[in-house]
Amino acid sequence: LLKEPRHAVISRKDADSEEIYKVLKLIPDSDLFSSAAFGGKDLMFSDAATGLIELPKITDSFLYLREDYHEAMHALKAGNPPAPDGKIEWCTISHAEQQKCDSLQIPRMECRRASSVEECIQKIMRKEADAIAVDGGQV
C-alpha cells in the first residue's frame, strides 16, 4: 500500500468537481492516458493510468491528500477573484502537455500553461485555473 496518493486531480473547492469528472470521462482513456503522440511521458496524466475514480463527496482533499498537502495549500492562499463561468481551465506544465491538452478539443475545457506544478497550484488558489493532474510525489 502506498503511504500517499499516487495521483490526483486537484480543483478549486468551489469548482464543480462532478462537471470536471464528467468532462474528463468524455475523453477516451487511450487519449487521456497516452503521451506518446506528443513526444513526452506522463503528460497531464500518468501513462500508466488506466482510469479515473470519482471519490465520495465526503472525501475532501484533507482526507485524501493528507495534512502535509493541506498545509502546503493553506500556505499558498491569496486573494480569490471570481470563478470563470462555463469553462474548465486546465493547467499544464510543459509544451508537450499543453499540446496534448489542446488536442483533446473539449468544448468546455481550456488549457492554461504554467511553468511548474507550484505555479499551477498558485493559479488554482487564485482562481486563474480550475484543475491540474499531479503525481502524489509532486504535492
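Refer to the preceding data block for the structure.
Okay, so let's go over this structure. Keep in mind the model is a prediction, meaning the values are calculated, not measured.

**Notes on the environment of Ile 10**
Here is step 1 of the chain: With respect to the helices and strands, Ile 10 occurs in strand 1 (residues 7-11).
Here is step 2 of the chain: Note on Ile 10: relative accessible area 6%, which makes it buried.
Here is step 3 of the chain: When the C-alpha atoms of Ile 10 and Ile 124 are compared, they prove to be 8.5 Å apart, with 114 residues separating the residues in sequence.

**As for helix 1 (residues 17-25)**
Here is step 1 of the chain: Buried residues of helix 1: Ile 20, Val 23 and Leu 24, and no others. For helix 1, the angular spread of buried residues about the axis comes to 100 degrees, placing them on one side.

**As for the environment of Ser 17**
Here is step 1 of the chain: Note that Ser 17 resides in helix 1.
Here is step 2 of the chain: Residue classification places Ser 17 among the partly exposed positions, given a relative accessible area of 34%.
Here is step 3 of the chain: Residues Ser 17 and Asp 130, spaced 113 residues apart in sequence, show a C-alpha to C-alpha distance of 9.6 Å.

**So, the packing of aromatic side chains**
Here is step 1 of the chain: Tallying each qualifying case throughout the model produces two aromatic pairs.
Here is step 2 of the chain: Summarising the aromatic geometry, the rings of Phe 45 and Trp 90 are spaced 5.8 Å apart at their centres and angled 40 degrees between planes, so their arrangement reads as tilted. Of this pair, Phe 45 sits in the loop between helix 2 (29-32) and helix 3 (61-76) while Trp 90 sits in strand 2 (residues 88-92); the two residues are 45 residues apart in sequence, bridging distant segments of the chain. The two residues Phe 45 and Trp 90 agree in class, both being buried.
Here is step 3 of the chain: Pairwise contacts between aromatic rings join Phe 33, Phe 45 and Trp 90 into one cluster.

**Quick word on the nonpolar core**
Here is step 1 of the chain: Counting 19 residues, the largest nonpolar core has Ile 20, Leu 24, Leu 32, Phe 45, Trp 90, Leu 104 and Met 109 as its most contacted members.
Here is step 2 of the chain: Looking at this core, the elements with two or more residues in it are helix 1, strand 2, strand 3 (109-113) and strand 4 (131-135).
Here is step 3 of the chain: With three residues, helix 1 is the largest single contributor of residues to this core.
Here is step 4 of the chain: A domain split of this core shows at least three residues from each of domain 1 (17-78) and domain 2 (82-138).
Here is step 5 of the chain: With sequence-adjacent residues up to four places away left out, Phe 45 is seen in contact with Val 9, Leu 24, Leu 32, Phe 33, Ser 35, Leu 52, Trp 90 and Ala 133.
Here is step 6 of the chain: Among the nonpolar cores identified, the runner-up in size contains eleven residues, and Cys 91, Val 117, Ile 132 and Val 134 belong to it.

**Let's talk about the state of the cysteines**
Here is step 1 of the chain: For the coordinates displayed, the defined rule picks out two disulfides.
Here is step 2 of the chain: Sulfur-sulfur distance for the disulfide between Cys 101 and Cys 111 comes to 2.0 Å. Since a negative S-S torsion denotes a left-handed disulfide, the Cys 101-Cys 111 link at about -85 degrees is left-handed. Here Cys 111 lies in strand 3 and Cys 101 lies in helix 4 (residues 95-103), a separation of ten residues in the sequence.
Here is step 3 of the chain: Taking the relative accessible area as the measure of exposure, Cys 101 reaches 2% and is therefore buried.
Here is step 4 of the chain: For Cys 111, a relative accessible area of 11% gives the class buried.
Here is step 5 of the chain: Along the protein, the cysteines that take part in disulfide bonds pair up as 1-4, 2-3, counted in sequence order.

**Focus on the side chain of Gln 98**
Here is step 1 of the chain: With respect to the helices, strands and loops of the structure, Gln 98 is situated in helix 4.
Here is step 2 of the chain: The residues contacting Gln 98, other than those within four sequence positions of it, are Thr 92, Cys 111, Arg 112 and Arg 113.

What counts and how
Residues numbered from 1 in each chain as written. Predicted model: local features only at pLDDT ≥ 70, side-chain atom pairs only at ≥ 80, totals over all residues. Heavy atoms only, no water. Helix = DSSP H or I, 4+ residues; strand = E, 2+ residues; numbered from the N terminus. Buried < 20%, exposed > 50% of the residue type's maximum accessible area, 1.4 Å probe, protein only. Arc of directions from axis to C-beta. Phe/Tyr/Trp six-rings, centres within 6.5 Å; stacked < 30°, edge-to-face > 60°. Core = buried A, V, L, I, M, F, W, Y, C linked by side-chain atoms within 4.5 Å. Domains from an automatic or database assignment. Contact = heavy atoms within 4.5 Å. Disulfide = S-S within 2.5 Å.

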